[in-house]
Amino acid sequence: MVLGDEVTTKETEGNLLGQSRMRYWGKYTFRVRTAVILTLFILLTALAVGFAFRNVVSILLDNQTNLDLRDDAQEFVEQLESISGTISPERAQAWNRHAATHELHHWFLRVFDKNEVVVWETISVPEAMIANHLSNTEMQEFGNYRFLNRPVYHSSASNKEKPTGWIQLGCSLELVQDSLSQLDRLLLWVFLIVGVLGPIASLFLSAQLLNPLTDLTKQAAALSVTDRSQLLGLRGSGDELDSLAGTVNALLARVRSQLQANEDWIANSAHQLRSPLAAITSNVEVVLGRLPEGKSSDMLASVLNECEYLNKLVQQLLLLSEANAVGVKAKRSEIRWDEMIRQSSDFFEALASAKDISLKFDAITDCTVFANPEHLRIVLHNILDNAIKYTPPNGSIEIELTKSPENECTLRVKDTGIGISEVDLARVSRRFFRSDSGRDPATTPRGTGLGLNIVKTIVEGLDGRLQIDSVLGSGTTVRIVLPAIA
Amino acid sequence: MGINVLLVEDDPSLANAILEGLSDQNIKCEIVSTVANAIQAVRDRRPDAVILDLMLSGDNGLDVLKAVRAQRDPTPVLILTALGSLENRVAGLNEGADDYLVKPFEMPELIARITAITRRNNRIEGSTLTYGPLLLDLTTRRVFRDGKELKLSPTETSLIELFIRHENQVLTRKMLCHQLWETNWEGETNVIEVHINRLRSKLERGFEQPLIHTIRGRGYMLSESEPKSRTESLEPLDSDESNKPTKIE
């Protein structure tokens, strides 16, 4: 039965339904985008820091090893230069002890004669250690080992061109590599943890960052264009969001003053129309009163009819501008809406029974609202008037007034009338909209097409809602929701 | 009826229409167009009522009202205004106006209101209203015709009250609407026709004499006799020199 959207949505906000969905998605992806960027940033930073740290550690360890090896080489070259003949067992034992307790892992030392033949070596020398190219004094690597060669020139030797022997000393890199791979494992864990926590933290952070924006969007969505007191709140931080809110507020002010100018223009025009209209009407009425019945008087009567219609139009335009301005909220008092409806029930029953329509005032609950009684009568009259007008003979109209736990009064008028097409439903409360279907021009006075717009303006001015649901051919349900006074 | 009215209006077309319309009802009318002349005319001519347009070229009609009331002059004043907003109406009534009418108005309504405010001073409101065979008890809201009670709805009772208060006067749809609704809202259904028809059938069932008459193109009238046709009032008025306006400049 219920079709269509709230008239307000379709009406004033046009096709905002699509836009608001887009806006929602936009908001969503913006948050995700921020989170992704943040995550990438965190991960890349972690990666870079990890990489740099590992390299620094590796370089430091390398340098330390090389430095130690060079120092040792220097020391042993000096010792060997002062030794003549073979290496004593005491010295050999001391050197082996030195090798065993050396802080470098698997430290070893080999001593060669001038023919590059090994004369002594520590027991820690790895197997298959190469012994050629002793003249290369650069730091070299063999397997897992790092080593360097140094020439020895005996202090007694006369020829300083040719070395009298060589030493080779080195150490295993196993421990360094172990440390580095341990560090790698640690860094990997850190990276994994950052990889898991990063996105979560980013999502949370981006939500935090975007919270003020979300708030602003919510506020802006709830803004009424016509209520001058409604503005976006400034947080006083003077940041970009505050400046955005300020810009929106300034835009609102411009829109409002433009709207107000339009309404004032309408009101002024209507006022200007009244005096000449009064002169025309009065003159015609007097002449009509003096003419004998006949063609001329009929013609004048139709002039008078048109004047009456113009008068009604002017009246309603003024009412509309009054309702649009502060008027709706002025001259308000507490009104028992249920009593107003009950009091007018016989008035409408007479109208309905003239068309053989049954009018049911079902559940009329006690409801007090805060409104201008004249405006509220106009709303009630207009809605019931429409229901009766568009319901064919033998139809029925149900009127119900309920109060919700949220402290809202809802007037529901449900008819079995001709209904409103979906296309028209979006337009019914626009100014000057008239659907001529279903009205017999002979029996119904000409409408101005302003009725529902006035109702909508009044209801919304009272912080209420007008909702129309309809199915073409089977009936219309109009709901007017107003805040109740407890 | 012998009522003398002072019309303060600077729009000659409207002024003339009102003058003619009032003379058709045998109400004498004098036209002034400025505030100063109006104040002087009220003092000198002592009219039975003043019709006061608020928008006089360059002047505020309210000044006339203020001056008259400042002299403790109770002459009834009906304000005619193109400004229909609540504040404007209230402002006029606060200054001591007896009634207001928003432009554009209908002639019968103007006449009804003029007769009402000129009568108001010397009429004592009783607990019943009567017209011919009709009697309305204002306290119990019961209506009788020739002593026999009529079963009327509250809406119909309210209508008959308006009719009795304005016996032998044309009531327009707008006036009836206002009585029923306290607003000028007319709606688009034939509200008034429906209610008048129901009232009429209840009022006249079982009786010979019709009481509510339809005045074509204008409205309805409560009258024991058939209302005069338009042609009757045409002749004497046009030839009656005494009803011609005497303009003060």
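Residues numbered from 1 in each chain as written. Chains lettered and ligands numbered in written order. Predicted model: local features only at pLDDT ≥ 70, side-chain atom pairs only at ≥ 80, totals over all residues. Heavy atoms only, no water.

K.L.:
An account of the overall build of chain A is needed here, citing residue identities and associated values.
P.N.:
In terms of regular secondary structure, chain A is built from 11 helices and 12 strands. Residues counted as buried form 42% of the 486 residues belonging to chain A. Considering only contacts in chain A between residues 6 or more positions apart, those separated by 24 or more positions represent 67%. Carbon and sulfur atoms make up 58% of the accessible area of chain A, which totals about 25,700 Å². (Helix = DSSP H or I, 4+ residues; strand = E, 2+ residues; numbered from the N terminus. Buried < 20%, exposed > 50% of the residue type's maximum accessible area, 1.4 Å probe, protein only. Contact = heavy atoms within 4.5 Å. Areas by Shrake-Rupley, 256 points an atom, 1.4 Å probe, with all protein chains shown as cover.)

K.L.:
So what about the nonpolar core? Which residues, and what values?
P.N.:
Counting 82 residues, the largest nonpolar core has Trp 337, Ile 399, Leu 411 and Ile 480 of chain A together with Phe 163 and Leu 176 of chain B as the members making the most contacts within it. Per element, the largest residue contribution to this core is eight residues, and it comes from helix 9 (residues 373–389) of chain A. Filtering out sequence-adjacent residues up to four positions away, Phe 163 of chain B remains in contact with Leu 171, Leu 176, Ile 196, Leu 199, Ile 212, Tyr 220, Met 221 and Leu 222 of chain B. (Core = buried A, V, L, I, M, F, W, Y, C linked by side-chain atoms within 4.5 Å.)

K.L.:
Outline the pairing of strand 2 (residues 118–121) of chain A, listing residues and values.
P.N.:
Residues and elements named next belong to chain A. Summarising the sheet, strand 1 (residues 108–113) and strand 2 pair through three bridges and their orientation is antiparallel. Paired with Val 111 across the two strands is Trp 120, which belongs to strand 2. Linking strand 1 back to strand 2 in an antiparallel pair, the connection comprises four residues, with Glu 116 at a positive phi of about 65°. (Pairing = 2+ DSSP bridges.)

K.L.:
Report on the sheet that holds strand 14 (residues 219–222) of chain B, specifying residues and quantitative values.
P.N.:
Residues and elements named next belong to chain B. The strand order across the open sheet built from three strands is 12-14-13, with neighbouring strands paired in antiparallel fashion. The sheet is open, and its two borders are formed by strand 12 (170–171) and strand 13 (212–215), each paired with just one other strand. Alignment of strand 13 against strand 14, held across four bridges, turns out to be antiparallel. Following the sheet pairing, His 213 is matched in strand 14 by Met 221.

K.L.:
Lay out the pattern of salt bridges with the relevant residues and their values.
P.N.:
Residues and elements named next belong to chain A. The full count for this structure, using the stated rule, is 28 salt bridges over all chains. Here Asp 366 ties to Arg 336 by a salt bridge, and the two come within 3.5 Å at their closest N and O atoms. On the criterion of sequence distance, the pair formed by Asp 366 in the loop between strand 7 (358–364) and strand 8 (368–371) and Arg 336 in strand 6 (residues 333–336) is long-range, its members being 30 residues apart. Relative accessible area serves as the criterion here: at 32%, Arg 336 is assigned to the partly exposed category. The salt bridge involving Lys 456 is made with Glu 460; its shortest N-O contact spans 3.0 Å. With Lys 456 and Glu 460 both in helix 11 (residues 451–461), this residue pair falls four residues apart, about one helical turn. With relative accessibility at 5%, the residue Lys 456 sits in the buried group. Among the ionic contacts, a cluster of salt bridges with common partners joins Arg 336, Asp 338, Glu 339, Arg 342 and Asp 366. (Salt bridge = Lys/Arg side-chain N within 4 Å of Asp/Glu carboxyl O.)

K.L.:
Please set out unusual backbone geometry residue by residue, giving values where relevant.
P.N.:
The omega angle of the peptide bond from Lys 103 of chain B to Pro 104 of chain B is -10°, so this bond is cis rather than trans. Mapped onto the elements of the fold, Pro 104 of chain B is located in the loop between strand 7 (99–102) and helix 5 (107–120). The phi torsion at Asp 463 of chain A lies on the positive side, around 60°, for a residue other than glycine. By secondary structure assignment, the location of Asp 463 of chain A is in the loop between helix 11 and strand 11 (465–471). Even without a glycine there, the phi angle at Asn 168 of chain B is positive, about 60°. The residue Asn 168 of chain B is located in the loop between helix 6 (154–165) and strand 12 in this model. A relative accessible area of 40% means that Asn 168 of chain B is categorised as partly exposed.

K.L.:
Outline helix 2 (residues 35–45) of chain B, listing residues and values.
P.N.:
Residues and elements named next belong to chain B. Looking at helix 2, one finds that the buried residues are Val 35, Asn 37, Ala 38, Ala 41 and Val 42. Down the axis of helix 2, the sector holding all buried residues measures 160°, keeping them to one side. One or two steps after helix 2, the chain reaches Arg 46, where phi turns positive at roughly 45°. (Arc of directions from axis to C-beta.)

K.L.:
Can you explain the packing of aromatic side chains? Please cite residues and give values.
P.N.:
Remark: the centre distance and the inter-plane angle together describe each pair of aromatic rings, the angle taken between the planes. All names here are of chain A. Summed over all chains, the structure comprises five aromatic pairs over all chains. Summarising the aromatic geometry, the rings of Phe 76 and Trp 95 are spaced 5.2 Å apart at their centres and angled 85° between planes, so their arrangement reads as edge-to-face. Remark: Trp 95 occurs in helix 3 (residues 89–101) and Phe 76 occurs in helix 2 (residues 16–81); sequence separation between them is 19 residues. Residue class for Trp 95 comes out buried when judged on its relative accessible area of 4%. Taken together, a centroid distance of 5.1 Å and an interplanar angle of 85° make the contact between Phe 347 and Phe 348 edge-to-face. (Phe/Tyr/Trp six-rings, centres within 6.5 Å; stacked < 30°, edge-to-face > 60°.)

K.L.:
I'd like a rundown of the pairing of strand 8 (residues 128–131) of chain B, residues and numbers included.
P.N.:
On a regular strand, one side chain projects to one face of the sheet and the next to the other, so that they alternate. All names here are of chain B. What you see with strand 8 is a clean split: Leu 129 and Tyr 131 sit on the buried side and Thr 128 and Thr 130 on the side with no burial. When strand 8 meets strand 9 (residues 134–137), the two strands line up antiparallel, connected through four bridges. Bridge pairing in strand 9 places Thr 128 opposite Asp 137. If you look at the hairpin formed by strand 8 and strand 9, you'll find two residues sitting between the two strands, and Gly 132 has a positive phi there, around 50°.

K.L.:
Just give me the short version of the state of the cysteines, but keep the residues and values in it.
P.N.:
Residues and elements named next belong to chain A. According to the stated counting rule, one finds one disulfide over all chains in the structure shown. Disulfide pairing is shown between Cys 367 and Cys 409; the S-S distance is 2.4 Å. Between Cys 367 and Cys 409, the disulfide has an S-S torsion of -110° and is therefore left-handed. Here Cys 367 is found in the loop between strand 7 and strand 8, whereas its partner Cys 409 is found in strand 10 (residues 408–415), with 42 residues between them in sequence. Neither Cys 367 nor Cys 409 differs from the other in exposure class; each is buried. (Disulfide = S-S within 2.5 Å.)

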